[in-house]
Amino acid sequence: MLQAHSFLWNYFWVAPNLFLLVLAILIWKRDLRRQFPIFLAFTILSAAGQLALFSADVSPSVTPENFWRIDWATLLIESFFKFLVIGEIFSRVLKPYPSISRLGRILVSGLGGALVLAAVLAAAYSRGDGAFQVISGAHLLDQATFMIEVGVVVFLFLFVAYFRLTWDRPSYGVLLGLGISACVHLATWAVMTNAAPTAHQRVLLDLLNMATYHACVLVWFYYLLVPGKVVAKSPVPLLENTLDVWNRELERLVHP
Amino acid sequence: MTIAILLVIAAALALAFILGITVARSLQISSGSGLAGQIQPLDIEAFRNLVDPREDEYLRRRLTAAEFRLVRRERLRAMASYVQVAGRNAAVLVRMGQAAMTGDSQTTEAARRLVDSALMLRRNAAFALLRIYIALAWPNSGLAALPVLQGYERLNGAAMLLGRLQNPAAPVRISAQL
């Protein structure tokens, strides 16, 4: 069951990507494509890339070198689009608040630079996990991109929480899925790249990655397609005694 | 191996934080009310006194260097408490303003202004706190909390306008005197 190429393994590799394609179709049909064009592109490209990689894995005509080339290409495209998706969510969240959007952009740019530096340093000090440069390099790239992704996603959650901004449900769901997936993947790739696990432990870590990604795809389904609980957004009245306190303070300011 | 341990710990903490935010968000959605009661009144006159550079100059002239540093640190700690309260009030007002954006156009505009002012104040409060903590280490450095005081005054005005629009029956004496 918990072996490479077992039914469970194949299911976890293929099913989330088929679900992603279904999600893309539903996003398109429900007219969410205007709100999340980059996320839509991500779902299609990521699913297509992973399904191509799976086909390369099971096809006897694909050489190991070509498999890793496809892996590299998929990884680069997926990573690039993930960061674009994070940017899309960031813009959506900050758009209604011009007074802090510039600060947010400056902070995220600075943090992004620092995270790239940290990821490069971590990669430089990592031992690598294979004799083949192409495999070791792919794993280091995985570790680096997930490091940056985790940092940026956590920053975005912190920023919104600190300023008490409101999330729209789909944006929150997209970022939540990316965040959970990035955290689990960072931990597993860090172990795979630096701790020399056995072949069986690698398979278990792979399964954990794939199962987490599957869960995250379901999170995206839930937040993008299931309507949220309707909460009557009644204005919170400013209490009379609060107004009295402000009156008093303002009077003291104007007529000291 | 050390890198693996560090990255696994960082990833676990990040995951716990993200899941914690999700739980807090769902609790927040189900609770909703009681915001206005969270606002803490702030004695603006005392705050103004604390951030007044002339007061500091006066103390500097009257006290010895060691005494001044001691007094200055006490004033900075008090100032930090005021800034924290102002920042917390701003956070409450952000949520109140957001909740009020569903009214008529005049109320929505007032609420939008309130949210803008509150966000600016919260931002300034964070920077001011940072500078206050630095000033605690170097008590002779310049003061930092003046923008927070000015922001709080603007915020008061925005909140009062929204309060009047939401609750026209409440007596707002200041408008009659201006």
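Residues numbered from 1 in each chain as written. Chains lettered and ligands numbered in written order. Predicted model: local features only at pLDDT ≥ 70, side-chain atom pairs only at ≥ 80, totals over all residues.

1. Describing the overall build of chain B
Now for step 1: Secondary structure summary: chain B contains seven helices and zero strands in total.
Now for step 2: Mapped in sequence order, the helices and strands of chain B form the string α-α-α-α-α-α-α.
Now for step 3: In chain B, which comprises 178 residues, the share counted as buried stands at 33%.
Now for step 4: The contacts of chain B with a sequence gap of at least 6 include a subset with a gap of at least 24, amounting to 74%. (Helix = DSSP H or I, 4+ residues; strand = E, 2+ residues; numbered from the N terminus. Buried ≥ 20, exposed ≤ 12 C-beta atoms within 10 Å, placed from the backbone. Contact = placed C-beta atoms within 7 Å.)

2. As for the confidence of the model for chain B
All names here are of chain B.
Now for step 1: With 72% of its residues at a pLDDT of at least 70, chain B reaches an overall mean of 77.
Now for step 2: Per-element averaging of pLDDT across chain B places helix α7 (residues 173-177) at the bottom with 39 and helix α1 (residues 2-31) at the top with 87.
Now for step 3: This model gives residues 171-178 a pLDDT under 50, and the stretch forms nine contacts once residues within four places in sequence are excluded.
Now for step 4: Under the prediction, the complex receives an ipTM of 0.84, its pTM being 0.82. (pLDDT = per-residue confidence, 0-100.)

3. So, the environment of V71 of chain B
Residue and element names in this part refer to chain B.
Now for step 1: If you trace the backbone, V71 turns up in helix α4 (residues 65-99).
Now for step 2: Measuring from C-alpha to C-alpha, the distance between V71 and R60 comes to 9.6 Å, with 11 residues separating the pair along the chain.
Now for step 3: For V71, the contacting residues outside a window of four places in its chain are L59 and L63.

4. Some words on helix α2 (residues 44-51) of chain B
Residue and element names in this part refer to chain B.
Now for step 1: Along α2, the residues classified as buried are I44, F47, L50 and V51. In an axial view of α2, the angular spread of the buried residues amounts to 120 degrees, which keeps them on one side of the axis. For α2, exposure combined with an orientation more than 90 degrees from the buried face picks out E45 and A46. (Arc of directions from axis to C-beta.)

5. Some words on the packing of helix α2 (residues 37-58) of chain A against helix α3 (residues 64-94) of chain A
Residues and elements named next belong to chain A.
Now for step 1: Following both chains from N to C, one finds α2 and α3 inclined at 165 degrees, their axes separated by 9 Å at the closest point. Looking at the two axes, α2 sits roughly antiparallel to α3. In the crossing of α2 with α3, the sense of the turn from one axis to the other is left-handed. Mapping the contact onto sequence places I38, F39, A41, F42, L45, S46, G49, Q50, A52, L53, A56 and D57 in α2 and N66, F67, I70, D71, T74, I77, E78, F81, K82, L84, V85 and E88 in α3.
Now for step 2: Looking at the contact of α2 with α3 residue by residue, the class counts come to 14 nonpolar, five polar and five charged. (Axes fitted to C-alpha atoms, helices over the stretch in contact; angles between N-to-C directions. Parallel < 35°, antiparallel > 145°, perpendicular 65-115°, else oblique. Left-handed = near helix turned anticlockwise from the far one by under 90°. Nonpolar A, V, L, I, M, F, W, Y, C, P; charged D, E, K, R; others polar.)

6. Things to note about the nonpolar core
Now for step 1: Ranked by internal contacts, the top residues of the largest apolar core, which has 87 residues, are V150, V153, C183 and L186 of chain A.
Now for step 2: The dominant element in this core, judged by the number of residues it contributes, is helix α6 (residues 169-194) of chain A, at 15 residues.
Now for step 3: Split by domain, the residues of this core number at least three in each of domain 1 (1-31) and domain 2 (38-168) of chain B.
Now for step 4: In contact with C183 of chain A, other than residues within four places in its own chain, are V150 of chain A together with A11, A14, L15 and I18 of chain B. (Core = buried A, V, L, I, M, F, W, Y, C linked by C-beta atoms within 7 Å. Domains from an automatic or database assignment.)

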